[in-house]
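Coordinate analysis (summary)
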Amino acid sequence: MDIRNRDGYIKWIDSVIDTEFVKVIAGVRRSGKSMILQMVRDYIISRNVASKNVMFLNFESNKLNSYKTSETLMEYILKQIGETKEKIYFLFDEIQEVDNWQKVVNGLRVDFNCEIYITGSNAMLLSGELATYLTGRYIELKVFPLSFKEYLQFTKTDVNSSKVDVKFKEYMEWGGFPMLPAIDDKLLKKAVLESIFDSVLLKDVMLRGVIKEKNVLLRITNYLLDTIGNPVSAQKIANFFTSSGLKTNHNSVAKYLNLLEEAFIFYKVDRYDVRGKNYLKTLGKYYAVDNGIRNIKLGKSGNLGSQIENIVYIELKRRGFDVFTGNIDGKEIDFVCFKNGDIQYYQITYQMPDNSREQDNLLLIKDNYKKTIITANRMDVGEVNGIEIVHIVDFLLEN
């Protein structure tokens, strides 16, 4: 088995292959989308499809610089496939690099016996014209950096090994971008993370948003990284910067926040009123796509509790939950999670204090859905008043 394969995605590939939908694989740059697209190609060929009927194009390659308009790309594709009546599998990596690429995808879908997979690094991939073309005709897969379970696989560490806790400390510090486990040198790890961050900010935020005030964008980014798990708003950030002597306003900050979300570098979590069962739009929280980005930009380890909270949030999203931060009678529930009619409640803590607001707040919820406290202290593990207390590593290694 190739340790670079992300086995958790094989099931998705098997479930969607040979269906009529356009398959959209979206996530932050360098999170492994290309790797998954290569897995798709290998899987297709393993089903006795001739390699000539599988077209894989990576639009970040300089070899394709001449085919980055819809007209030139379509001309190139038609030249390659000729008059064939056989089914063609099109795999397009970082498709947003092509101007008016939506026309190509829709034209191929309509005119040929084909199946289309595309990847992209922006949440707006399916906005505008393509959304109109493909309403009800696409399936989306969200890709994140490596889970901890995948990180162990990439580092050839058995889940029952005594090294697992050490590997978790590495994972918490450096994050899960797939190229990092193969790098031992810490300075090189840091350089790679800096490069990923700079690439996302330049290509997916600044250029796309036509932003000229890089200093303001960087300060907003660092502010979000330093306040992970704390309620924030565009107005609150604008007021903070104004008081610090940096002139900005609510609208500018809101624009930057939206662009950072669209580039998948941050995820906004809205509030949910547990008792009233309604959604609140004020004072959401922001979580980073990866702890490694946070740590290299801030230059410090900082609040370990908030880092664990960040890891848990991304893991819950990876598992397919819709995640909110909860409010019940003015008390906070870290995460209220919805999936297929199920609800789960989570409180996150580095270690359980003597007077636990985590436990007390969960006990305010009177329904029978699962309630869990996740801790980084193995001495805390157990059960209290029907609430399971789980170590962070055990939670991350759950099936």
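Our subject is the structure that appears above.
Residues numbered from 1 in each chain as written. Predicted model: local features only at pLDDT ≥ 70, side-chain atom pairs only at ≥ 80, totals over all residues. Heavy atoms only, no water.

Here T157 lies in the loop between helix 6 (148-154) and helix 7 (164-174). In sequence terms T157 and K167 are 10 residues apart; their C-alpha atoms lie 8.3 Å from each other. Apart from the residues within four sequence positions on either side, T157 is in contact with L152, K163, V164 and K167. A polar side-chain atom of T157 sits 3.0 Å from a polar atom in the side chain of T155. (Helix = DSSP H or I, 4+ residues; strand = E, 2+ residues; numbered from the N terminus. Contact = heavy atoms within 4.5 Å. Polar contact = N/O pair within 3.5 Å; in protein donor to acceptor, adjacent residues only side chain to side chain.)

The subject of this paragraph is the nonpolar core. Grouped burial of nonpolar side chains is what soluble globular proteins tend to show. Of all hydrophobic cores here, the largest spans 73 residues; its most connected members are F148, I220, L224 and F335. Here this core takes eight residues from helix 8 (residues 186-209), the largest share from any one element. Apart from residues no more than four positions distant in its own chain, F148 is found in contact with V164, K167, F168, Y171, V393, L396 and L397. Within the second largest apolar cluster, 26 residues are counted, among which are I77, F92, I95 and L126. (Core = buried A, V, L, I, M, F, W, Y, C linked by side-chain atoms within 4.5 Å. Buried < 20%, exposed > 50% of the residue type's maximum accessible area, 1.4 Å probe, protein only.)

Okay, the environment of S243 next. Its location among the elements puts S243 in helix 10 (residues 234-243). Look at S243 and you get exposed, because its relative accessible area is 62%. When the C-alpha positions of S243 and E398 are compared, they lie 45 Å apart, and in sequence the two are 155 residues distant. Of the polar contacts made by the side chain of S243, one reaches the backbone oxygen of F240; its length is 2.7 Å.

With respect to the element layout, E315 can be found in helix 13 (residues 304-318). By relative accessible area, which is 6% here, E315 ends up buried. Separated by 2.8 Å, the side chains of E315 and R319 make a polar contact. Other than its neighbours up to four places away in sequence, E315 contacts S147, F395 and L396.

Further remarks concern the packing of aromatic side chains. What characterises a pair of aromatic rings is the spacing of the ring centres plus the angle enclosed by the ring planes. Taken as a whole and judged by the stated rule, the model has 22 aromatic pairs. Ring geometry for F264 and Y267: centres 6.5 Å apart, planes at 35°, overall tilted. By relative accessible area, which is 11% here, Y267 ends up buried. A ring pair is formed by Y279 and F324, whose centres lie 4.9 Å apart and whose planes are at 45°; its orientation type is tilted. Here Y279 is found in strand 7 (residues 278-288), whereas its partner F324 is found in strand 8 (residues 322-328), with 45 residues between them in sequence. Classification of F324 as buried rests on a relative accessible area of 16%. Every member of this aromatic cluster is reached through a ring pair, and the members are F144, F264, Y267, Y287, Y313 and F335. We note R41 situated over the ring of F56; from NZ or CZ to the ring centre the distance is 4.8 Å. The positively charged end of K339 is found above the aromatic ring belonging to F321, 5.4 Å away from the centroid. (Phe/Tyr/Trp six-rings, centres within 6.5 Å; stacked < 30°, edge-to-face > 60°. Lys NZ or Arg CZ within 6 Å of the ring centre and 35° of its normal.)

On to the environment of G175, then. In this structure, G175 sits in the loop between helix 7 and helix 8. When the C-alpha atoms of G175 and Y151 are compared, they prove to be 9.0 Å apart, with 24 residues separating the residues in sequence. With residues up to four places along the chain from it excluded, the contact list for G175 reads Y151, E170, D290 and G292.

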